[in-house]
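So you can see what is in the structure, the chains are spelled out below.
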Amino acid sequence: MKTICLYFQIHQPVRLKRYRFFDIGSDHYYYDDFSNEDILRGIADRSFLRANAMLLDLINAHNGKFKVAFSVSGAVLEQLEIYVPEAIDGLKELAQTGCVEFLSETYGHSLSCLYSEDEFKKQVEDHAEKIELLFGKKPKVFRNTELIYSDEIGDMVHRMGYKGMLTEGAKHLLGWKSPNYLYNSVSSPGLKLLLRNMKFSEDIMFRFSNYSWSDYPLTADKFINWINALPESEQLINLFMNYETLGSVQPADTGIFEFFKALPKFALDKAISFSTPSEVLNKLKPVDKISAPYPCSWSGEERDTSAWTGNTLQREALKKLYNIGERVMLCADRRIKQDWIYLQVSDHFRFMSTKYFPGPSVYSPYENAYDAFSNYMNVLSDFITRVNAQYPISIDNEELNALLTTIRNQENTIAKLESDLTKLKKKKAV
Amino acid sequence: MKALMFGWEFPPHILGGLGTASYGLTKGMAMQPDMDITFVIPKPWGDEDQSFLKIIGSCNTPLVWKDVSPEKVRERFGKYMDPQDYYTLRDHIYSDFRYLNTNEFGTIEFSGRYPDNLLEEINNYSIVAGVIARSNNFDIIHSHDWLTYPAGLHAKTITGKPLVIHVHATDFDRSRGNVNPRVYAIEKDGMDNADHIITVSNLTRNIVIEKYHQDPKKVTTVHNAVEPLSPEIEAIQSKKGTKDKVITFLGRITMQKGPEYFVEAAARVLKKTDNVRFVMAGSGDMMNQMIRLAAQRNIADKFHFTGFLKGKQVYEMLKSSDVYVMPSVSEPFGISPLEAMQCGVPSIISKQSGCAEILTNAIKTDYWDIEYMADAMYSIITYPSMFEYLKEEGLKEVNEIKWEYAGQKVRKIYESVMK
């Protein structure tokens, strides 16, 4: 029996404001609140709110046979909490149906997996905590930023106790193999991998409203027939896409909502079920190992990480950012911690991509890559100054860590001694 | 004495140093009581300071006779000139220019910038110069930079008055040697037929003599000067937010200005010390290349780009700086280090710039000598005594470089060619 694993990514970058050289040292607020609110509100109105309502209706209409998974970054959750809290309410309602699974990822939708294991772990833990707080369940399956995966990342994820992970069904991972099976990692066999079916996912994401596509128009009937026509043994169809596909990338007037409304009915008629990633992991057995010596992602024609780390500008920015990471870990200042997360959002680096040169990167608020880079570096430069101002730079990180531990322990010791003292005093009084 | 000057830029709407120099020089010359200057530019904006000279816009000069009422003329040109001037100019149309693309007033449009069809605009400008030359009385013609040489020559042919051309830059400076033959031809023609050539530095004078084959007797250097800062600008405060020292490059980011030497020197300074930031202010066709270079040298967190700065922002930038650097590969004069020194900012300038000939309290280096440049930057930011010395002595020195003196030299040249 075939099953569809439907999963949506919800993420929006925290856009930076125009930050001039003159602002360095005097202005420590980096974000373009107006455009962040404006864009998020727009997407929520066109997409999130409508899609939430639609999915809820579908789950109710099919008595829990329709299932779906979400991965929501911490960065977008924090923005939604401020600007569109009703979107979070919608997700909470979905969570209560029991047919929706929330996945784990890095809090800041960051590239920390490529640069710092400590930071990566911390962000994943923070994110899991946030998800549990909002939706009541600790996430069990991991999904990395933009589906970035390599053997090394797989090992890290497995070490953190995850049994399954989602990634791209990229050609260079699979070779002749089909993405429609469950696999496991070659270096950590305990980690099962769900691979995105690139063709079917992108038929919906990108080609749905494309008049020049030979299969236009795409109907639910036709789509399910394609899935049904797959060989009997191919049991798992992973449809992973952005939540914005519903209503924003594919506007409502393309009929995208009607397509999704009809999808479960046609699928269930053909005895194709829906599953969440956790259910898939329980139901199916891995058929083979997947090896990924180099990181892959779901981005671009190359399906690699070149959209974020492809050129000198991006590598310089990332290097400078993660160089300060250890120091930030030691800081206790809440604003620094918050900025640290927001500055890691992967989109900042995508805006610096020169793949589409001389024009700007997709959805970039900047004129071109150089503009994005200069602005980001100005912000980062102010941030680095703030971090360095916390503790004297002359003390190296290890020494500082030792000192801080001593100081913190001192507090504990004092507290303990004081409580002992009061106890003894009470005793004496008695 | 009456002078008819042809220029291309005039403050406040300027694109480069030419406008600043034109303004300073005319203002300095106007201090001579009997000096009367008429200044022609392609397109006035109406907010130019006309208290010491008269501005005529080429775009406001009729080439085709049109019957227009005084009210309409006043409405259209009142901002720029006396409506009567329009009729005077109209009376001096000397040929049939109906083939040109003129409007209802018989005038042609000028961008007043450096557009792609620059040569066409230069040609139109010299046609208009014919009308202006016929309708004005003057003793001498003075053309600023190659764009206006054809106009000056035209005026000379019509009136027989002597022509002085003022070389603010040559194409050898702008192109690092790869001259555009058409520009060279216009420059050479202007120099060959001028009665006297004024250059802004000995560096330029040598180029004019060697590359344009001019008789050294015909070429005189009159160094540029600098306007005293207005109280408004004096009052601008530093906007520097960081504790770090700031080293600034300010100008067009183009080949002529040698921006890459600044980046390389910055990388060397940052290896030695951490409490310094570098700013590259301005824009230009090498900006992206410089951003990439800074990233390659791993100094992007300490190396900042501001984009194009205008008006007051320039002074904000200067006042926020601790060192000013001009590593130009070939700079005919370069007024900006003088402006930096007025703001009390020590300057490092390349020996290949004209202003190096007259400045003593600035550090001079070959533009390619990045080691020396880095060394100088490091010394100024590290040793307070050096900073203070250059700051105070530089200020004293620059206060003595006045346009008034430059104006007197030009006057002497006028008198010698009129003999």
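Residues numbered from 1 in each chain as written. Chains lettered and ligands numbered in written order. Predicted model: local features only at pLDDT ≥ 70, side-chain atom pairs only at ≥ 80, totals over all residues. Heavy atoms only, no water.

1. Re the packing of helix 1 (residues 33-61) of chain A against helix 3 (residues 85-96) of chain A
Residues and elements named next belong to chain A. It is the contact of helix 1 with helix 3, at a shortest axis distance of 10 Å, that shows an interaxial angle of 20°. Considering their axes alone, helix 1 and helix 3 lie roughly parallel with respect to each other. Relative to helix 3, helix 1 is oriented so that their crossing is left-handed. Seen from helix 1, the contacting residues are Arg41, Leu49, Asn52, Leu55, Leu56 and Ile59; seen from helix 3, they are Glu86, Ala87, Gly90, Leu91, Glu93 and Leu94. Looking at side-chain class alone, the contact of helix 1 with helix 3 contains seven nonpolar, two polar and three charged residues. (Axes fitted to C-alpha atoms, helices over the stretch in contact; angles between N-to-C directions. Helix = DSSP H or I, 4+ residues; strand = E, 2+ residues; numbered from the N terminus. Parallel < 35°, antiparallel > 145°, perpendicular 65-115°, else oblique. Left-handed = near helix turned anticlockwise from the far one by under 90°. Contact = heavy atoms within 4.5 Å. Nonpolar A, V, L, I, M, F, W, Y, C, P; charged D, E, K, R; others polar.)

2. Description of the domain arrangement of chain B
All names here are of chain B. You can read the domains of chain B as domain 1 (2-225 + 403-418) and domain 2 (231-399). Averaged C-alpha coordinates put domain 1 and domain 2 at centres separated by 32 Å. Listed as interface residues are 17 residues of domain 1 and, on the opposing side, 17 residues of domain 2. Taking both sides of the interface into account, the surface hidden between domain 1 and domain 2 amounts to around 1,400 Å²; carbon and sulfur atoms contribute 59%. Inspection of the domain 1/domain 2 interface yields zero salt bridges. Across the domain 1-domain 2 interface, the total number found is five residue pairs in polar contact (both at pLDDT 80 or more). (Domains from an automatic or database assignment. Buried area = accessible area lost by both parts, 1.4 Å probe. Salt bridge = Lys/Arg side-chain N within 4 Å of Asp/Glu carboxyl O. Polar contact = N/O pair within 3.5 Å; in protein donor to acceptor, adjacent residues only side chain to side chain.)

3. Quick notes on unusual backbone geometry
The amide bond that connects Tyr216 of chain A to the next residue, Pro217 of chain A, takes the cis arrangement and shows omega of -5°. Mapped onto the elements, Pro217 of chain A comes out in the loop between helix 8 (198-205) and helix 9 (220-228). With phi around 60°, Ala271 of chain A is a residue other than glycine that occupies positive phi space. If you trace the backbone, Ala271 of chain A turns up in the loop between helix 10 (256-269) and strand 11 (273-275). The class for Ala271 of chain A is partly exposed, based on a relative accessible area of 45%. The phi torsion at Asp145 of chain B lies on the positive side, around 70°, for a residue other than glycine. In this structure, Asp145 of chain B sits in the loop between strand 4 (140-144) and helix 5 (149-159). Given the relative accessible area of 6%, Asp145 of chain B is considered buried. (Buried < 20%, exposed > 50% of the residue type's maximum accessible area, 1.4 Å probe, protein only.)

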